[in-house]
Amino acid sequence: MISSLRTFRSLALAFGLALTLSPLALGQDSNQPNTTRSRTVASGEKMKIKGVVVKRDADTFTVRDLTGNDTVVRLTDRTSVKTDNGFWHGDTSYPATTIIRGLNLQVEGRGGSNGELNAEKIRFYESDLRTARSVESRSTPLEERATASETRLTEVEQNTQKLSGQIDELAAVANAARGGAKAAQATADAAVAGVNATNDRISALDDYVPQDVASVNFRVGSSVINPDEKTKLDAIATKALNAKGYVLEVAGFADSTGNTDRNRALSQRRADAVIRYLVEQHKIPLRRIVQPYGYGESNPVADNTTRDGRAQNRRVEIKVLVNKGLTQPAPTMTPGSEGSGK
C-alpha cells in the first residue's frame, strides 16, 4: 500500500511540473524575438500602421506589422474604435476594451512626446474580432485550469504524506495488538479512497458544466434588445461574475419567416447585440465569452406555424459554463476507528 502511494506521489509531482510550465508557454508569441524591432514615432508625425496586437496594457497596446516592427499605440479619449465596412448597418463603434491580443487592425494617429503613436482612428473587420475573441476565450481558461491543477496536486502530495505516516503508525500498533490490524486496514482504505477522489477531481478540470441558462427574445426582424429582456441579461451577468472559472456561451436563433441566409445573419446580429450589452454594461471580459454563433431558423424550441411559437424561436440563449473541477469540494479522508483486540 505504501509503495502505491509513493508511486502516485511521483506521478502527481511530474504532472504538476507540466502544468506549471503550461502558462509560460501560453504567454509566448509565435514571432521570433530576434526578428522584431521597436519603432519610435517622432512627435507630431502622422502615421498609419497595419498589424496584429501582440501586447495589451491598460491604456496602450503594441502592434506588430508584417516587417517585424513593434509600435506602441496609446488610447486617448478622442480615439475612434470602429469596424471597417460594417456588414449590416455601416460601421459599428466599440469600446477601447474590445482591442485584445491577436486582433488584426489598422491604426491612424500622430506621434506623442514619448515615441508612442497616439491613436485617432482604429479600424478592424468584424470577422477578425471574432477570431481574436475565440483565441482569447480559450487561452485564458487553459491558464486558469493549469493553476488550479497545480494547487490540487499540492493538496494531494500533503495528504499522501500525512496518510503515509498514519499507515506506518498503525502498522506498529498492529504488531503489538491484533485489533490494531483492523484499524490499520480501515485507514489504508480511507487513504486509497481519498487519493482516488482527488485524482477524479483533477481529471474534471478539463470539463465545463452549465450552471445557469437564460433566453432573451426579440421582435420580428429585429436585433434590438427590449428593456424587459435586459433584466434577464442583468441577472445572468451577476451570476457569472460571482462564479469561478466560468465562460459564457452565446447562440442566436430566428423563426422560420424569411429565407435561410437572412435568418442566419439576423440570428448572428442578435448574438452580437447580447455580447455588446454584457461587455459594455457589466464589464464581462471578452476572454470569458466563447465565439458566438447564429444558428438561423435551426434548433427551434416551439412550433413555427403558430404566432406564439415563432415568438419563442426569435431568441438568444446565454449559458454560464463553470469548470467542473473547481466546483467539486476537496476530498476529506477520515481514518477508520481503531478496533480493540482481546
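Coordinates for the structure precede this section.
This report concerns the structure included in the present document.

Quick notes on the sheet that holds strand S8 (residues 208-217)
Line of reasoning, step 1. With respect to topology, four strands assemble into an open sheet ordered S8-S11-S9-S10, the strand pairing being mixed. On the outer flanks of this sheet lie S8 and strand S10 (293-294), each paired with one strand and no other.
Line of reasoning, step 2. The strands touched by helix H4 (residues 227-241) are S8, strand S9 (246-252) and strand S11 (315-323); relative to S8, the strand with the most contacts, the crossing angle is about 165°.
Line of reasoning, step 3. Packed on one face of the sheet, helix H5 (residues 260-282) meets S9, S10 and S11 and runs near 145° to S9.

A word on the packing of aromatic side chains
Line of reasoning, step 1. Across all of its chains, the model carries three aromatic pairs by this definition.
Line of reasoning, step 2. Look at Tyr94 and Phe124: their rings are 5.7 Å apart centre to centre, the planes differ by 50°, and that puts the pair in the tilted class. Here Phe124 lies in strand S7 (residues 117-124) and Tyr94 lies in the loop between strand S5 (80-83) and strand S6 (104-111), a separation of 30 residues in the sequence.
Line of reasoning, step 3. What makes Tyr94 buried here is its relative accessible area of 10%.
Line of reasoning, step 4. Considering the side-chain rings of Tyr293 and Tyr295, the 4.8 Å spacing of their centres and the 75° angle between planes classify their relative orientation as edge-to-face.
Line of reasoning, step 5. Residue Tyr295 is classed as partly exposed on the basis of its relative accessible area of 34%.

Topic: the pattern of salt bridges
Line of reasoning, step 1. All chains considered together, the criterion is met by 11 salt bridges.
Line of reasoning, step 2. With a closest N to O distance of 2.8 Å, Asp65 and Arg39 form a salt bridge. On the criterion of sequence distance, the pair formed by Asp65 in the loop between strand S3 (60-64) and strand S4 (69-74) and Arg39 in strand S1 (residues 37-39) is long-range, its members being 26 residues apart.
Line of reasoning, step 3. Note on Asp65: relative accessible area 15%, which makes it buried.
Line of reasoning, step 4. What makes Arg39 partly exposed here is its relative accessible area of 23%.
Line of reasoning, step 5. With a shortest N-O distance of 2.9 Å, Arg314 and Asp255 are connected by a salt bridge. Of this pair, Arg314 sits in the loop between helix H6 (307-313) and S11 while Asp255 sits in the loop between S9 and H5, and the two are 59 residues apart along the sequence.
Line of reasoning, step 6. The class for Arg314 is buried, based on a relative accessible area of 11%.
Line of reasoning, step 7. With a relative accessible area of 4%, Asp255 lands in the buried category.

Cut-offs applied
- Residues numbered from 1 in each chain as written.
- Predicted model: local features only at pLDDT ≥ 70, side-chain atom pairs only at ≥ 80, totals over all residues.
- Heavy atoms only, no water.
- Pairing = 2+ DSSP bridges.
- Helix = DSSP H or I, 4+ residues; strand = E, 2+ residues; numbered from the N terminus.
- Contact = heavy atoms within 4.5 Å.
- Axes fitted to C-alpha atoms, helices over the stretch in contact; angles between N-to-C directions.
- Phe/Tyr/Trp six-rings, centres within 6.5 Å; stacked < 30°, edge-to-face > 60°.
- Buried < 20%, exposed > 50% of the residue type's maximum accessible area, 1.4 Å probe, protein only.
- Salt bridge = Lys/Arg side-chain N within 4 Å of Asp/Glu carboxyl O.

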